[in-house]
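Examination of the molecular architecture
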Amino acid sequence: MICVETIRKVRRLHLIEKKSIKEICRSLNLSRATVRKIIRSGVTEFKYERKSQPYPVLGPWRARLDETLEENEALPKKHRKRMTKIWKELSDDGFGGGYDSVRRYTKNWRIAHGRQQAQAFIPLIFDPGEAYQFDWSVETVLMDGALTTVKVAHFKLCHSRMPFSIAYPRETQEMVFDAHDEAFKFFGGGCINGIYDNMTTAVDAILSGKERKFNKAFSRMCSHHLVNPIACTRAAGWEKGQVENLVKESRAYSFTPRLEVADFDELNARLQKDAIKRAKELRHPENLEVTVWEEFQQEKPLLTHLQKPFVGFREKTVAVSRTCLINFERNKYSVEARAVGRQVQLQVYATRIVLRQDGEIVGEHERCFGRGKTIFNPWHYVPVLKRKPGALRNGAPFRDWDLPPAMTQIWTHLRGTSDGDRQLADILFAAYQHDIDVVEAACEEALKSGLRKADAILNIVSRRTNPPPPKAIEPPAHLQLKMAPIADCARYDRLGGSHATA
């Protein structure tokens, strides 16, 4: 192969120094055919293009490899075999070639069969406050010493490219609602349009073209925040490419190396801090003179007005057991004793659950995302203690109950007495009826006076809770007595005597 330097010398000798072909051949030790080819072609570089590729090792296996590739390309993308696995299958059957030869052949096969054609895209531009993009990702963190899989909701404003990420244990609908509340609070407002994929928590049915049937709860959330939802075409992630890139950037910037956090509050605080720091470092891709953060400050006043948090929850009807418990997501939660024997409405929020019966709240708990746990509120069982005071000794709801200091001191004293359970039940029921602060203050007053009995404490509670006697009213002048009556007890003696005579 004639190198570029030799071609340059031949062209200069012939065209600049006017040397003959014979002289050039002698000075550069080249053949006449080579010199003529350089001069007549006018090219500055010769390239060798192979007309056919020999396959000395892969040749006998090409038919089988072609068949395997055809079958593999017919499968859905998620189910296709990787090239390493295809090469391993060939090697197990006796193929002696390397992985690289199979990879190169597969690449050329895909090009020849039109399976590896790059798609062309049109760059998009958005006005301030026009749209945001939303997506989920799955990440792994070390939370409280245990390896935990978390679901991260990502938002990105399409104009300023300002990101926001927040992690949850699930991808359920109530998490979607809470994520939007937190994102719009962080941005200081919303956008006219929201761009989503066809997630089941939002879309009930995919109709023709861009038409979608959004579910009722998601539509209510969009109406509350004044957002027009837009669903992407199926398997067309490029339609929300900004948030797709955010997922990759967040994974590299915030989750690599693996994060170690105590709980979700610490994790989300870290994600929010990283988002702001990253926005202050990155230049805006369309306006390199400013950072993403500076562009966001310009867009922020043009966002739609920030609405109050959307009251979004998932609702279902559950039964209450005889032990005042309901089952939800393989955990048990307590309800008030008066709800036993009837069904209650369970309202599931992102971080809490609320139980209602006939419109009244009969239970409220922080949501538990583990399994096989029982979450008690001891006050739900206090009315039952009036009938079963002995349950204080071994009742599961009352184990490790954290009461105020004075009540704890009374509890410790009464548990050692014969009628202690009954007295404790009376004190707790008084706190259930009135207020725990009132009973705590009564216990403090009783302890200062050296009293430990329930009767003394309940007497103090009664004095504190009963209304004071009304103030004496001074009668007006025209109703006042001008002559005070004279007391004469002898009249009663005379009446008695006359009665006896009769």
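Going by the structure above, here's the rest.
The structure contained in this document is the topic of the report that follows. Quick caveat, the model's predicted, so the values are computed rather than measured. (Residues numbered from 1 in each chain as written. Predicted model: local features only at pLDDT ≥ 70, side-chain atom pairs only at ≥ 80, totals over all residues. Heavy atoms only, no water.)

For the structure on display, the rule yields 25 aromatic pairs. Where Phe398 meets Trp401, the ring centres are 5.7 Å apart and the plane angle is 40 degrees; that geometry is what we call tilted. In this structure Phe398 comes out as buried when scored by relative accessible area, which is 7%. Taking relative accessible area as the criterion, Trp401 reaches 16% and is therefore assigned buried. Judged by centre distance (6.1 Å) and plane angle (25 degrees), the rings of Phe429 and Tyr432 are stacked. With a gap of three residues between them, Phe429 and Tyr432 both fall in helix 15 (residues 420-433), about one helical turn apart. For Tyr432, a relative accessible area of 33% translates into the label partly exposed. Stacked on the ring of Phe46, the Lys or Arg Lys37 has its end atom at 4.7 Å from the ring centre. Between Arg352 and the ring centre of Tyr349, over which it is positioned, the NZ or CZ distance is 4.1 Å. (Phe/Tyr/Trp six-rings, centres within 6.5 Å; stacked < 30°, edge-to-face > 60°. Buried < 20%, exposed > 50% of the residue type's maximum accessible area, 1.4 Å probe, protein only. Helix = DSSP H or I, 4+ residues; strand = E, 2+ residues; numbered from the N terminus. Lys NZ or Arg CZ within 6 Å of the ring centre and 35° of its normal.)

Once that is clear, we can look at the pattern of salt bridges. Taken as a whole and judged by the stated rule, the model has 27 salt bridges. A single network of salt bridges, built from pairs that share partners, joins Glu174, Arg314, Glu329 and Arg367. (Salt bridge = Lys/Arg side-chain N within 4 Å of Asp/Glu carboxyl O.)

Now for the sheet that holds strand 9 (residues 314-318). As summarised here, the arrangement of the four strands in space is 9-12-13-14, forming an open sheet in which the pairing is antiparallel. Every other strand in the sheet has two partners, leaving strand 9 and strand 14 (360-366) as the edge strands with one partner each. This sheet shows a mean twist of 20 degrees between the axes of neighbouring strands, independent of strand direction. Relative to strand 13 (residues 352-357), strand 12 (residues 344-348) runs antiparallel, the two being bridged by four bridges. Within strand 13, the residue paired with Gln347 across the bridge is Val354. (Pairing = 2+ DSSP bridges. Axes fitted to C-alpha atoms, helices over the stretch in contact; angles between N-to-C directions.)

In this section: the sheet that holds strand 15 (residues 374-375). Strand order across the open sheet formed by three strands is 10-11-15, with mixed pairing between neighbours. With one partner strand each, in any of the chains shown, strand 10 (325-328) and strand 15 form the two edges of the open sheet. When strand 11 (residues 331-334) meets strand 15, the two strands line up parallel, connected through two bridges. Opposite Tyr333, over in strand 15, you have Ile375 as the bridge partner.

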